[in-house]
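# Summary of the model geometry
Each chain, written out:
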Amino acid sequence: MALLSPPVSVLPITPSTNPKCLLPFRFAFKSFSTPPTPLSLPTLSRTFHSQPVNFCRCLAMPLEVSTSTSQLQDSLSYSRAYWVSESVIAWNVDVGDGSCYLYSSKIAALSIGDGGIVGYDVKIKLEEDNGGLPINVIENFPQLQGHKAFKVPLTVDAKSLIKCQLAIAALSLLSTKIVLLILLLLELGVSFSILKDISSSYHNGFYDPSQTDGQCNNVTGLQLPGVLDELFSYEGPLGAIFSEEAVTLYLWAPTAQVVRACIYRDPSGGDPLDIVCLEEVNGVWSARGPKSWEGCYYEYEVSVYHPSTLQIEKCTANDPYARGLSADARRTLFVNLNSDDLKPEGWDNLADEKPALLSFSDISIYELHIRDFSANDHTVHPDFRGGYLAFTSKDSAGICHLKRLCNAGISHLHLLPTFQFAGVDDEKEKWKCVDSKILETLPPDSVEQQAQIMAIQDDDGYNWGYNPVLWGVPKGSYASNPKGPWRTLEFRKMVQALNRIGFRVVLDVVYNHLHGSGPFDENSVLDKIVPGYYLRRNSDGCIENSTCVNNTASEHFMVERLILDDLLCWAVNYKVDGFRFDLMGHIMKRTMVKAKNLLHGLLKDRDGIDGSSIYIYGEGWDFGEVAKNGRGVNASQFNLCGTGIGSFNDRIRDAMLGGSPFGHPLQQGFVTGLFLQPNDHDHSGEEVAEQMLAVSKDHIQVGMAANLRDFVLTNCEGEEVKGSEVSTYDGIPVAYAACPTETINYVSAHDNETLFDITSLKTPMQISVEERCRMNHLATSIIALSQGIPFFHAGDEMLRSKSIDRDSYNSGDWFNRLDFSYNSNNWGVGLPPKEKNEKNWPLIKARLADPSFKPQKSHIIAAVENFLNVLKIRYSSPLFRLRTANAIQARVRFHNTGPSWVPGIIVMSIEDGHEGVPGLSQLDPFYSYIVVIINPSPSEINFASPALQARILQLHPVQLMSTDEVIKNSTYEASSGCFTVPPRTTSVFVEPRESE
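Residues numbered from 1 in each chain as written. Predicted model: local features only at pLDDT ≥ 70, side-chain atom pairs only at ≥ 80, totals over all residues. Heavy atoms only, no water.

## Points about the overall build of the protein chain
Defined as follows: What counts as a helix is a DSSP run of H or I of at least four residues, what counts as a strand is a run of E of at least two, and both are numbered from the N terminus. Relative accessibility thresholds used throughout: buried, under 20% of the residue-type maximum; exposed, over 50%; partly exposed, between the two (1.4 Å probe, protein chains only). Residues count as neighbours in contact if any of their non-hydrogen atoms are within 4.5 Å of one another. The protein chains shown are the only cover counted for residues, whose accessible areas, like all others here, come from Shrake-Rupley with a 1.4 Å probe.
Regarding its fold elements, the protein chain presents 26 helices and 41 strands. Looking at the 996 residues of the protein chain, the share that counts as buried comes to 60%. Within the protein chain, counting contacts between residues at least 6 apart in sequence, those at least 24 apart form 73% of the total. For the protein chain, the computed accessible surface area is about 38,300 Å², with 50% contributed by carbon and sulfur atoms.

See the structure below:
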């Protein structure tokens, strides 16, 4: 039934010269600048119901400005606008002829009422800047390209507003038809609560839009990092600063309203000795206390608006710059790292005892988890097993093994995370464990072992540690006593002991994410101090989780500063020698370059450490919200070219093993039998498999030339190409490095299956364990003899197995065991944990159940010797460790290339010069020419090359003296330039200078 006759939609409108300000009927808009010209409308016949009018039903057209109150209230939970500088807010909305306002509430009382936002203390009109966002804003926030720019008035006190709940709203003027209808109904005495705003703007027959803001149709919270960086970037002291007479606390918390420090005598329980209110100066809160605080504990109480709850929360948190913790990790320890009581004897002079390092090209890395090293080593004192002090043992099985590696050439020991992480309680008495003697009685393919391990996985003493809580505190569970400053002292003893063995120490740092967030999580720290700043957020204001959880935002000034300060702390106070960055691609390139320069600027006389010898490297994967420079130029493989920062070369890994960690588990590669000894997997026919092998060989050869983008070689098609012109299967260039130390070559690491496990999975079921052992060694030999920096996973040399567990981060000691007595490689200790492996259980079960797959002690001992030998070969000649891209291009050649190649055979030569002879300079005093031949096939091969004729080549002395009888069958015939190499063998031939 019609409520109005004729319908409003066909009401005649008299033309106007100023349609913007005029409305038909006897009402008219008052123009902001031009006097109105009222228009008349013919008299209408009206029929009205006596009952209240339902506004929604009476409209003949949609109300385009109407957004439900509940929808708008929900929108307050998001932060889709960005306060990017003191004068600019970016928001991806089109306000049109409407208006935009910024609202704030100091008590976080903002909500949506009938007329829009209510509960505010301050309301500020924002004008759109038609020029768009400034260039510097787009550079700092590339994800905001295309957003509208709204100008914040110069009179606004931004430093006060950022402590409040903030919201921005878009309000639109109602359309002519809607206002006409509304005013008509108002004229007739019909009242609507949502029309109060319009009603208040209607006077004496005229509607004046200057007296109303319009209808709220969009609202959201704000992300503040941009304005915080502009107004509060700070380079002064932070944390607990010790002087002769006092301790001073400094905390960067510009959005906090109140900050207090509760001081405790004991690590847990009890009432505070004192509660100190910190005073703020430009975002930094501080308080000065007595020297007697040293050795006590404290925690911060921060009253701050938190966007996750839309409330002012009182957050209890540790100090982000904590250097010590209570055993339960709830309180920060006042610990002075410069105290002599925390220094092992000779600590201050450790820089003079560091192993020599002439060039980063001389580095080789061994990756080890602290607990893996000794938890199962009964030659270590029980109190030290699984911890820092195990590395101080003089003659344990593990230490003896490390000494053998060091003597063979391993230079750097890379320790998985050693900072304070979640997932393992620092108080060992709270750990749960399983009876390993019962597990040992179970079948090798049983499901029971993993069931028992998983039942306690979050309550035992094991985790890799990629769950950061506090970056600057050593993990307490690795200390013999997690209380007080013991962890600091024991960590230093570990570094000192490893340096004295001959290793430099690398720490695995995880700056790309944090384990906790929000105001209530006990593992949350940074997100309690300055909510919404340290963690990277998406366009809705939700935390990005592409790294796994709670991505950090190194593009923000104080996040970057915290990372740099933390690196300095570990380098100066713990004298570590290198850093491996987890998911480095999620960190900005700018941050990584600053880190390198900062560390290299450390001086032994001033800082107690020679920073020029600190090497940094990491995972340059490019994915998630940072991909393709989505948040700024990130530290991806390609972006790091020319920085001297190393990144892992996954191309050589995938080519050697086959597929990728995310592909089909049976996809074969160069060393696992592709084309040469196929398994049951469909590789799309023999011709395709042969082509795949040829392409894999190209990828490996590029990797062996340090993955240099400009290295020129002949590819499998016979074309002369640069490394950057060789492509992966998805079209990405294989090579990305500008110098050899930018490439970390590896075939296995803590992630994914161990080398022996993946080899056992991908090779045909029927081959012997001896053949798999040779494949294992073939893979490590390629890495060891490549240009660039070789990287090995602990246990690669011992045929280490995790029972084919592809992700053992929380699989307990049982699946992660290392046995330095060489009695077992840990194969066949049950099906791996269900969570990450169940879909492959059918493949895994068949292999674990077959006793022929399990290596014996003799296999393990032989593998260790072969590994040590190939390391000795690497360090027998500087030709394997060339320092520049030009040297590699001039000296390294690959033979057996082009379409007429012998399938699967890599032949690499390295040439040296001669003293006093023009041309190449002489680098090696012993060998003038080296040939490396890699034969992955199951049969002996012969390879002849005219380019290698008439040389005086002989098998490397290390291989001649090896207990490996197979390799001694390698031969060279000078007249024909023909080499004979046994199956699955890497043979190295050298030309001694005394034979010239």
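## Points about the nonpolar core
Nonpolar side chains in soluble globular proteins generally cluster together in the buried interior. Applicable threshold: We define a nonpolar core as any set of buried Ala, Val, Leu, Ile, Met, Phe, Trp, Tyr and Cys residues linked to one another through side-chain atoms lying within 4.5 Å.
Core analysis: the biggest nonpolar cluster contains 209 residues, and Trp-83, Trp-252, Phe-391, Leu-402, Phe-579 and Phe-581 have the highest contact counts within it. Among the elements that line this core, the one with the most residues is helix α14 (residues 557–573), at nine residues. Leaving out residues up to four positions away in the same chain, Phe-391 has contacts with Leu-368, Ile-370, Phe-373, Ile-399, Leu-402, Leu-413, Leu-415, Met-494, Ala-497 and Leu-498.

## Some words on the pairing of strand β8 (residues 165–172)
The condition is simple: Strands are labelled as partners when DSSP assigns at least two bridges between them.
Of all eight residues in β8, eight are buried, a share of seventy percent or more. Of the two faces of β8, the one holding Gln-165, Ala-167, Ala-169 and Leu-171 and the one holding Leu-166, Ile-168, Ala-170 and Ser-172 are both buried throughout. Sheet topology places β8 next to strand β11 (residues 215–220); five bridges connect them, and they run antiparallel. The partner of Ser-172 across the bridge, within β11, is Gln-215.

## Digging into the side chain of Arg-984
Its location among the elements puts Arg-984 in the loop between β40 (978–981) and β41 (985–992). Looking at Arg-984, the relative accessible area reads 4%, which means it is buried.

## Remarks on the packing of aromatic side chains
What counts here: Only Phe, Tyr and Trp rings are paired, with Trp represented by its six-membered ring, and only when their centres lie within 6.5 Å; those with planes under 30 degrees apart are stacked, over 60 edge-to-face, the remainder tilted. For a ring to carry a charge above it, either NZ of a lysine or CZ of an arginine must fall within 6 Å of the ring centroid while also lying within 35 degrees of the normal to the ring plane.
The final tally for this structure, using the stated rule, is 33 aromatic pairs. Taking 4.3 Å as the distance between ring centres and 10° as the angle between the ring planes, the aromatic pair formed by Phe-373 and Phe-391 counts as stacked. Taken together, the positions of Phe-373 in helix α8 (residues 370–374) and Phe-391 in the loop between α8 and α9 (397–408) put the pair 18 residues apart, joining distant regions of the chain. Exposure remark for Phe-391: the relative accessible area of 1% places this residue in the buried category. On the basis of an interplanar angle of 90° and a centroid distance of 5.8 Å, the ring pair of Phe-756 and Trp-827 is categorised as edge-to-face. Here Phe-756 is found in helix α19 (residues 755–762), whereas its partner Trp-827 is found in the loop between α21 (812–816) and α22 (834–837), with 71 residues between them in sequence. This pair shows no difference in class: Phe-756 is buried, exactly as Trp-827 is. Members of the aromatic cluster, each reached through a chain of ring pairs, are Phe-360, Tyr-615, Tyr-617, Phe-648, Tyr-746 and Phe-791. Over the aromatic face of Tyr-574 sits the side chain of Arg-492, whose NZ or CZ is 5.4 Å from the ring centroid.

## Examining the pattern of salt bridges
Rules: For salt bridges, the criterion is a side-chain nitrogen of Lys or Arg within 4 Å of an Asp or Glu carboxyl oxygen.
A full pass over the atoms with the stated rule returns 42 salt bridges. We note a salt bridge from Asp-540 to Arg-80, for which the minimum N-O separation is 2.8 Å. Of this pair, Asp-540 sits in the loop between α13 (526–529) and α14 while Arg-80 sits in the loop between α2 (69–75) and β1 (81–85); the two residues are 460 residues apart in sequence, bridging distant segments of the chain. Arg-800 is the salt-bridge partner of Asp-372, the closest N and O atoms lying 3.0 Å from each other. Of this pair, Asp-372 sits in helix α8 while Arg-800 sits in the loop between β33 (789–793) and α21, and the two are 428 residues apart along the sequence. In this pair, the class of Asp-372 matches that of Arg-800, namely buried. In the salt-bridge network here, residues are joined through shared partners; they are Asp-508, Arg-580, Asp-582 and Glu-619.

## Section: the sheet that holds β8
The condition that has to hold: The axes are straight lines fitted to the C-alpha atoms, using for helices just the contacting stretch, and the angles between their N-to-C directions are given from 0 to 180°.
Pairing is mixed across the open sheet formed by eight strands, whose spatial order is β11-β8-β3-β6-β7-β2-β1-β12. Since the sheet does not close on itself, it has two edges, and those belong to β11 and β12 (222–223), each with one partner. Of the pairings in the sheet, the one linking β1 to β12 comprises two bridges and is parallel in character. Within β12, the position partnered with Ala-81 by the bridge is Leu-222. Along the sheet, helix α7 (residues 225–232) contacts β1 and β12; its crossing angle with β1, the most-contacted strand, is approximately 20°.

## Comments concerning α7
Within α7, seven of the eight residues are buried, leaving the element largely enclosed by the surrounding structure. Three or more residues of α7 are buried, namely Pro-225, Gly-226, Val-227, Leu-228, Asp-229, Leu-231 and Phe-232. Those residues of α7 hidden inside the fold are in contact with β1, α4 (158–161), β12, β14 (246–252) and α14.

## Re unusual backbone geometry
Excluding glycine, a negative phi dihedral is what most residues carry, and trans is how most peptide bonds are arranged. In the Ramachandran plot, Asn-629 falls in the positive-phi region, its phi being about 60° despite a non-glycine side chain. As for its position among the elements, Asn-629 is in the loop between β28 (615–618) and β29 (646–649). The backbone of Ile-804 shows a phi angle near 65°, a positive value even though the residue is not glycine. Among the structural elements, Ile-804 can be located in the loop between β33 and α21. Residue classification places Ile-804 among the buried positions, given a relative accessible area of 1%.

## Overview of the pairing of strand β23 (residues 412–415)
With burial as the criterion, each face of β23 is covered, one bearing His-412 and His-414 and the other bearing Leu-413 and Leu-415. In this sheet, strand β26 (residues 504–509) lies alongside β23 in parallel orientation, the contact comprising four bridges. Counterpart to Leu-415 in the pairing with β26 is Leu-507.

## Observations concerning the sheet that holds strand β22 (residues 365–368)
Strand order around the closed barrel formed by eight strands is β22-β23-β26-β27-β28-β29-β32-β33, with parallel pairing between neighbours. Averaged over all adjacent pairs, the angle separating strand axes in this sheet is 30°, with direction ignored.

## As for the state of the cysteines
Test applied: Note on terminology: pairs of cysteine sulfur atoms within 2.5 Å are recorded as disulfides.
For the coordinates displayed, the defined rule picks out zero disulfides. Left unpaired, Cys-100 is separated from the closest cysteine sulfur, that of Cys-216, by 9.9 Å. The exposure class of Cys-100 is buried, given its relative accessible area of 1%.

## Considerations on the packing of α14 against helix α15 (residues 589–600)
How we decide: Angle categories are assigned with fixed cut-offs, so that under 35 degrees is roughly parallel, over 145 is roughly antiparallel, 65 to 115 is roughly perpendicular, and the rest are oblique. Note on convention: near helix rotated counterclockwise from far helix by under a right angle means a left-handed crossing. Clockwise means right-handed.
For the pair α14 and α15, the least separation of the axes is 10 Å and the interaxial angle reads 30°. Taken together, the axes of α14 and α15 are roughly parallel relative to one another. Along this stretch, α14 crosses α15, giving a crossing that reads as right-handed. For the pair α14 and α15, the contacting residues are Glu-560, Ile-563, Leu-564, Leu-567, Leu-568 and Ala-571 in the first and Arg-590, Thr-591, Lys-594, Ala-595, Leu-598 and Leu-599 in the second.

## Remarks on the confidence of the model for the protein chain
Rule in force here: Each residue gets a pLDDT score, which is the predictor's confidence in that residue and runs from 0 to 100.
Summary statistics for the protein chain give a mean pLDDT of 91 and a share of 89% for residues scoring 70 or more. Averaged pLDDT values over the elements of the protein chain bottom out at 32 in helix α1 (residues 55–58) and peak at 99 in β22. The model gives residues 1–66 a pLDDT under 50, and that stretch makes 105 contacts with residues more than four places away or in other chains.

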